[in-house]
Amino acid sequence: MRPTRDEAWELFCEWTQSESLRKHVLGVEAAMRACAREYGEDEELWAVTGIVHDLDYERYPDLETGHPRKALEELERLGYPQEVIDAVAGHATFLGVPRETRMAKALYAVDELSGFIAACALVRPTGIHGMKPKSVKKKLGQPSFAAAVNRDEVREAADELGVDFDEHLQRVIAAMDEHAVELGLEGQEQQASA
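*Asks:* Break down the overall build of the protein chain for me, with residues and values.
*Replies:* Within the protein chain, the regular secondary structure consists of eleven helices and zero strands. For the protein chain, the α and β elements follow one another from N to C terminus as α-α-α-α-α-α-α-α-α-α-α. Expected size for 194 residues packed as a compact globule is a radius of gyration near 16 Å; at 16 Å, the protein chain falls within 12% of this value. A total of 194 residues make up the protein chain; the buried ones form 49% of that total. For the protein chain, the proportion of contacts with a sequence separation of at least 24, taken over those separated by at least 6, is 65%. Here the protein chain has roughly 9,200 Å² of accessible surface; of this, 48% comes from carbon and sulfur atoms. Computed over 22 positive and 37 negative side-chain charges, the inter-centroid distance for the protein chain is 6 Å.

*Asks:* Give a description of the packing of aromatic side chains that names residues and reports values.
*Replies:* Tallied over the full model, the rule gives four aromatic pairs. For the ring pair W9 and F12, a centre distance of 6.1 Å and an interplane angle of 20° mean the geometry is stacked. Separated by three residues within a single helix, W9 and F12 lie in helix α1 (residues 5-15), roughly one turn from each other. Residue F12 is classed as buried on the basis of its relative accessible area, which comes to 0%. With centroids separated by 5.6 Å and ring planes inclined at 90°, the aromatic side chains of F116 and F145 adopt a geometry described as edge-to-face. In this pair, F116 sits in helix α6 (residues 102-122) while F145 sits in the loop between α7 (133-140) and α8 (151-161), placing the two residues 29 residues apart along the sequence. Here F116 matches F145 in class, with each residue buried. Cation over ring: R102 sits above Y39, and NZ or CZ is 4.2 Å from the ring centre.

*Asks:* Which residues make up unusual backbone geometry, and what values go with them?
*Replies:* The omega angle of the peptide bond from H67 to P68 is -5°, so this bond is cis rather than trans. By the element assignment, P68 lies in the loop between α3 (43-52) and α4 (69-77). Backbone geometry places A146, a non-glycine residue, at a positive phi of 45°. When you line up the elements, A146 lands in the loop between α7 and α8. For A146, a relative accessible area of 26% translates into the label partly exposed.

*Asks:* So what's going on with the side chain of H168? Residues and values would help.
*Replies:* Structurally, H168 can be placed in helix α9 (residues 165-177). Residues within four places of H168 in sequence aside, it is in contact with A109, V110, L113, A158, L161 and V163.

*Asks:* Lay out the environment of A92 with the relevant residues and their values.
*Replies:* By secondary structure assignment, the location of A92 is in the loop between α5 (82-90) and α6. For A92 and P143, which are 51 residues apart along the polypeptide, the C-alpha to C-alpha distance reads 22 Å.

Thresholds applied
Residues numbered from 1 in each chain as written. Predicted model: local features only at pLDDT ≥ 70, side-chain atom pairs only at ≥ 80, totals over all residues. Heavy atoms only, no water. Helix = DSSP H or I, 4+ residues; strand = E, 2+ residues; numbered from the N terminus. Rg over C-alpha atoms; globule rule 2.2 N^0.38 Å. Buried < 20%, exposed > 50% of the residue type's maximum accessible area, 1.4 Å probe, protein only. Contact = heavy atoms within 4.5 Å. Areas by Shrake-Rupley, 256 points an atom, 1.4 Å probe, with all protein chains shown as cover. Lys, Arg positive; Asp, Glu negative; His and termini not counted. Charge placed at Lys NZ, Arg CZ, Asp CG, Glu CD. Phe/Tyr/Trp six-rings, centres within 6.5 Å; stacked < 30°, edge-to-face > 60°. Lys NZ or Arg CZ within 6 Å of the ring centre and 35° of its normal.

Given below as structure tokens:
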């Protein structure tokens, strides 16, 4: 089965009610599309992967027994491409599944980072608009800000993907900026004038 982006989104929404989790996977989707374009890869397949990577997180948040194991079972049951399944498995470092494809490495590189960039945007009056890699790096240097984000993993993931960290930051910021309204990252100034 070759799922479409809309089929993946429908599946995700069946499994997930949380608005913030929905926004997270849309941010990851935007970043995955940007990476796919950069590398001349299959944008639709990469988008699907970005959407389904946290499929089971709301229902099975326990990392010992749940996420992403239930998602992997469901994706296999539905006949999703093995490349998608492997990438979803690979984004959970604790499963020990090697990230062998560029798509798997990209998912790992944009997942935590896109969440961190969203957190940065939410505390700026202009939201994500005009955000620069320098300001994201400054926030990465503040351990108390979005404390759950593993700073080492964010940098290691970019290295594993083989990209310059600033370029990677800029690509993810730009991708999410294109979808600022949908992601709720347009900032208070934009909302006030709407």
